[in-house]
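# An overview of the molecular structure
Listed below, chain by chain, are the residues.
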Amino acid sequence: ITTGEKENEIPAGESADQKATPDETMRIAYRQIEDALIHDLLDRIRQAPPDFFERLMVNLLLSMGYGGSTENAGRTLGRSGDDGVDGVIDQDALGLDRVYIQAKRYAVGNNIGPGAIRDFFGSLDRHKATKGLFVTTSTFSASAKETAEHLSKRIVLVDGDQLARLMIRHNVG
């Protein structure tokens, strides 16, 4: 679509005789650009090595303000025998309050199920943690979301679209 055609594009649900205002046209164009950027970011993450995704998650959380002003507040742990935790952010200088991270770099359509959430819950329990962040480049099944809501530890779920939007907002990646 050329720039001239984009100006005449009509939002879904409007008839052809009701043209979009310039503001609506700009919002539509912005959403299209953002959607393309989200798709591109997720594709690049999926093509990168697994340790890249784990480092990216720690960097994103630090950029979002987690870890405060503490140097070396975040680190990756992902390796064989990592007990199901890929990274950790120390919320204070002594590491008394921590956020544990599970990062799953999955292809589109390979959704996270409730078993993976329960496994992460067990990992949090092993670390005596009270909260965790489960991030994926794909999505979570409805039963995975329900499982996370009903567990005794706070587990926040971030799917691929939300991840990419956070990266854009915080200029990471």
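Refer to the preceding data block for the structure.
What you see is a predicted model; the values in this text were computed from it and never measured.

Calculation notes
- Residues numbered from 1 in each chain as written.
- Predicted model: local features only at pLDDT ≥ 70, side-chain atom pairs only at ≥ 80, totals over all residues.
- Heavy atoms only, no water.
- Buried < 20%, exposed > 50% of the residue type's maximum accessible area, 1.4 Å probe, protein only.
- Helix = DSSP H or I, 4+ residues; strand = E, 2+ residues; numbered from the N terminus.
- Pairing = 2+ DSSP bridges.
- Salt bridge = Lys/Arg side-chain N within 4 Å of Asp/Glu carboxyl O.
- Arc of directions from axis to C-beta.
- Contact = heavy atoms within 4.5 Å.
- 1 Å grid on protein atoms, 1.4 Å probe; cavity = no way out; pocket = protein on both sides within 12 Å on 5 of 7 lines; lining within 4 Å.
- Points joined across faces, edges and corners; volume = space filled by probe spheres on them.
- Axes fitted to C-alpha atoms, helices over the stretch in contact; angles between N-to-C directions.
- Parallel < 35°, antiparallel > 145°, perpendicular 65-115°, else oblique.
- Nonpolar A, V, L, I, M, F, W, Y, C, P; charged D, E, K, R; others polar.

### Comments concerning the pairing of strand β2 (residues 87–90)
Side chains G87 and I89 of β2 all project onto a buried face; the interleaved residues V88 and D90 project onto the opposite face, where all are buried too. Relative to β2, strand β1 (residues 74–76) runs antiparallel, the two being bridged by three bridges. Across the sheet, G74 pairs through a bridge with I89, a residue of β2. Here β2 runs beside strand β3 (residues 98–104); their pairing, made up of four bridges, is antiparallel.

### Details of the pattern of salt bridges
When their charged atoms lie close together, side chains carrying opposite charge are able to pair. The tally for this structure, following the rule as stated, stands at nine salt bridges. Here E34 makes a salt bridge to R165, at a shortest N to O gap of 3.0 Å. Residue E34 is found in helix α2 (residues 22–47), and its partner R165 is found in helix α6 (residues 160–169); the two are separated by 131 residues along the sequence. By relative accessible area, which is 17% here, E34 ends up buried. Take R165: its relative accessible area is 32%, and that puts it in the partly exposed class. Put simply, R75, D90 and R98 are held in one network by salt bridges that share partners.

### With respect to helix α5 (residues 142–150)
For α5, the set of buried residues is A144, T147 and A148. Angular distribution of buried residues about the axis of α5 spans 95°; they occupy a single face of the element. Of the residues in α5, the exposed ones pointing more than 90 degrees away from the buried face are A142, E149 and H150. On the buried face of α5, the contacting elements are α4 (114–126) and β5 (154–158).

### A few points about the layout of surface pockets
Looking at the largest pocket, its volume works out to about 270 Å³. In terms of lining, the largest pocket is formed by 16 residues, of which the most central are L61, Y66, V99, L133 and V156. Among the elements of the structure, α3 (50–63), β4 (131–136), β5 and α6 are those that each provide at least two residues to the lining of the largest pocket. Here the lining of the largest pocket gets four residues from one element, more than from any other, and that element is β4.

### A few points about the packing of α4 against α5
Contact pair α4 / α5: the axes reach a minimum separation of 7 Å and the direction vectors enclose 25°. Between α4 and α5, the interaxial angle falls into the category roughly parallel. Of the residues in α5, those touching α4 at P114, I117 and R118 are S143, A144, T147 and A148. Its residues assigned to classes, the contact of α4 with α5 shows four nonpolar, two polar and one charged.

### Comments concerning unusual backbone geometry
With phi around 55°, K128 is a residue other than glycine that occupies positive phi space. Following the sequence through the fold, K128 ends up in the loop between α4 and β4. The exposure class assigned to K128 is exposed, which follows from its relative accessible area of 74%. Although it is not a glycine, N171 adopts a positive phi angle of roughly 50°.

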